[in-house]
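Structural characterization, general
Listed below are the residues making up each chain.
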Amino acid sequence: MYWDQKIETMERGELEKLQLARLGRTLERAKQSEHYGRLFGQMKLATEKIRTLADVQELPLTTKDDLRELWPYGFLACSRDELVRMHSSSGTTGRATVIFHTASDIAAWTDLLARSMYMTGMRRSDVFQNMMTYGLFTGGLGFHYGAEKIGALVIPAGAGNSKRQIQLIRDFETTAVHIIPSYALHLSTVFEETGCDPRRDTKLRLAFLGAEPHSEKMRRKIEAFYGFKAFNSYGLSEMNGPGMAFECPEQNGMHIWEDNFIVEIIDPETLKPLPDGEEGELVTTTLLREGMPILRYRTKDLTRIIPGPCPCGRTHRRIERIKGRTDDMMILKGVNIFPIQIEKKLMEVPGVGTNFLIILDREGYNDQMTVKVEVRKEYFGGDLSQLETLRRRIVEELKSDILISPKVDLVEPDSLPKSEGKAKRVIDNRKD
Ligand code: AMP
Ligand code: ZN
């Protein structure tokens, strides 16, 4: 049941010793890079002073802006000859950040993905269809090599082309898929159109849902439709991509692979560390990265460490599903709102379809939120009073959680823009 029992169940004290030793080596490497070399010089930071894991707080934080400033090679800690691969973030704002890997970086990352998928029950007998964009995005090649390492048969389907995805699933008896949650919902409508019921007509049994925030309700909805078990997969390109934190069979939080990363939760305002259990911004340090070590990276993702051991026996701590990003937070009439709160509420209402969009406008000094929600086809034929009842119910549900009354527009299935990659949930038309 373990891919690497020794590492996965290592006693905490041992694991922390391993982290400290690896941190020491990481700092020595990091100093070779232009960015950290300069910074450590300015701070007069003697890396020998880092004697315990708690001392990690003495190290400087790293942000996306730092990566952009010395783009593209300013974080390299080796010669370019040693690099074998480049990936980039899927960032839509500003210049996409790039990450470079040596052969040993790729091997370590591949191992993490094999470990993660094996943990959920994937084996060499599985047929794995990877519905992620191949290329610079990390979700394609990252999972691809991990699944091959397990020995599964990999179908590198790539993103989109829903009818073909379904055909591949049926023809080759796909058992496991890697899919973006919003796309899994969209694909369910195509399954319905084609009269194919995945529970009856396919061999699907496992899914890895990653790359974007999704609620527990959304996971359950996807699982119910497809009849597979779906596991949450978290990562960011700066920390390789997927394979950083992954759900175990308990489906209760994602184990962060602490032999490869140091994790901290900080208060995003004061930058002070928070104790396990408290919600804040995830900050991570690479421990095995050779080509481009990154220290204390501010992910901007909000989560908390789930205190206490996991019944699965793994000792690596767990984070809760991501609540949102500090930069996703909408402030409306003084109320802080995350898109995932809207999603959670919508998923509770029967009749709601598979896609929604939040639009923010400013009229005079007044901010207005409109939520466009796809609802099932049935509501648009004949008696429209049902549609109005549903609309009112959604307004009430949302109001109960976000405290303000949004305008709700119900629209036909498939009428909202959809993306093959991460879903865009918010359009903000407000001018500062
Ligand atoms: P990228 O570097 O382009 O791969 O984007 C990484 C970002 O995607 C993370 O910082 C998160 O904001 C988001 N992300 C990735 N996986 C998940 C997940 N399972 N749940 C929520 N957000 C995720
Ligand atoms: Zn576990």
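Residues numbered from 1 in each chain as written. Chains lettered and ligands numbered in written order. Predicted model: local features only at pLDDT ≥ 70, side-chain atom pairs only at ≥ 80, totals over all residues. Heavy atoms only, no water.

Quick notes on the environment of Arg-29
Take Arg-29: it is sitting in helix α2 (residues 12–30). For the pair formed by Arg-29 and Leu-76, sequence separation is 47 residues and the distance between their alpha carbons is 9.4 Å. Beyond its immediate sequence surroundings of up to four residues, Arg-29 is in contact with Ala-77, Cys-78, Arg-289, Glu-290 and Pro-293. (Helix = DSSP H or I, 4+ residues; strand = E, 2+ residues; numbered from the N terminus. Contact = heavy atoms within 4.5 Å.)

So, the sheet that holds strand β14 (residues 318–319)
Spatially, β4-β3-β5-β6-β7-β8-β9-β14-β13 is the arrangement adopted by the nine strands of the open sheet, whose pairing is mixed. The sheet is open, and its two borders are formed by β4 (153–155) and β13 (305–306), each paired with just one other strand. Relative to strand β8 (residues 241–247), strand β7 (residues 229–236) runs antiparallel, the two being bridged by three bridges. Along β8, the bridge assignment pairs Tyr-234 with Ala-245. (Pairing = 2+ DSSP bridges.)

Some details on the pattern of salt bridges
Under the definition given, this model contains 40 salt bridges. Across the pair Glu-16 and Arg-12 runs a salt bridge whose closest N-O atoms are separated by 3.3 Å. A residue pair is termed a helical-turn pair when its members lie 3 or 4 positions apart in one helix, as Glu-16 and Arg-12 do in helix α2 at four residues. Notably, a salt bridge pairs Arg-393 with Glu-397, separated by 3.4 Å at the nearest N-O pair. Here Glu-397 and Arg-393 lie together in helix α12 (residues 385–402), a separation of four residues that amounts to about one turn. (Salt bridge = Lys/Arg side-chain N within 4 Å of Asp/Glu carboxyl O.)

Examining the nonpolar core
Of all hydrophobic cores here, the largest spans 61 residues; its most connected members are Met-117, Met-122, Phe-128, Phe-208, Tyr-234 and Ile-319. In terms of residue count, the dominant contributor to this core is helix α5 (residues 103–119) (eight residues). Once residues lying within four places of it in the same chain are set aside, the contact partners of Met-122 are Met-117, Phe-128, Ala-147, Ile-150, Ala-152, Ala-176, Arg-205, Leu-206 and Phe-208. With 25 residues, the next largest nonpolar core counts Leu-346, Tyr-379, Leu-390 and Ile-402 among its residues. (Core = buried A, V, L, I, M, F, W, Y, C linked by side-chain atoms within 4.5 Å. Buried < 20%, exposed > 50% of the residue type's maximum accessible area, 1.4 Å probe, protein only.)

Quick notes on the site of ligand 1
Neighbouring ligand 1 are 16 residues, the closest being Ser-90, Asn-232, Ser-233, Ser-237 and Asp-301. The contact in question runs from an oxygen atom of ligand 1 to an N or O atom on the side chain of Lys-422, over 2.9 Å. For ligand 1, whose unbound accessible area comes to 500 Å², protein coverage reaches 93%. In terms of residue count, the dominant contributor to the shell around ligand 1 is β7 (five residues). Residue composition of the shell around ligand 1, grouped by class: five nonpolar, six polar and five charged. (Near = heavy atom within 4 Å. Polar contact = N/O pair within 3.5 Å; in protein donor to acceptor, adjacent residues only side chain to side chain. Areas by Shrake-Rupley, 256 points an atom, 1.4 Å probe, with all protein chains shown as cover. Nonpolar A, V, L, I, M, F, W, Y, C, P; charged D, E, K, R; others polar.)

Here's the deal with the coordination of the zinc ion (ligand 2)
For the zinc ion (ligand 2), every protein donor is listed as Cys-248 (SG), His-255 (NE2), Cys-310 (SG) and Cys-312 (SG), and the spread of their distances is 2.1 to 2.3 Å. Given four donor atoms and angles of 102 to 116 degrees at the metal, the environment of the zinc ion (ligand 2) is assigned as tetrahedral. Donor residues for the zinc ion (ligand 2) sit on one chain with the sequence pattern C-x6-H-x54-C-x1-C. Both residues of the pair, Cys-248 and His-255, count as buried. (Donors = N, O, S within 2.8 Å, 3.2 Å for Na, K, Ca; no water. Tetrahedral: all angles 85-135°; square planar, octahedral: opposite > 155°, others 65-115°.)

Some remarks on the sheet that holds strand β11 (residues 280–286)
Spatially, β10-β11-β12-β15 is the arrangement adopted by the four strands of the open sheet, whose pairing is antiparallel. Each edge of the open sheet carries a strand with a single partner, namely β10 (261–266) and β15 (324–325). Here strand β12 (residues 297–303) runs beside β15; their pairing, made up of two bridges, is antiparallel. Counterpart to Asp-301 in the pairing with β15 is Arg-325.

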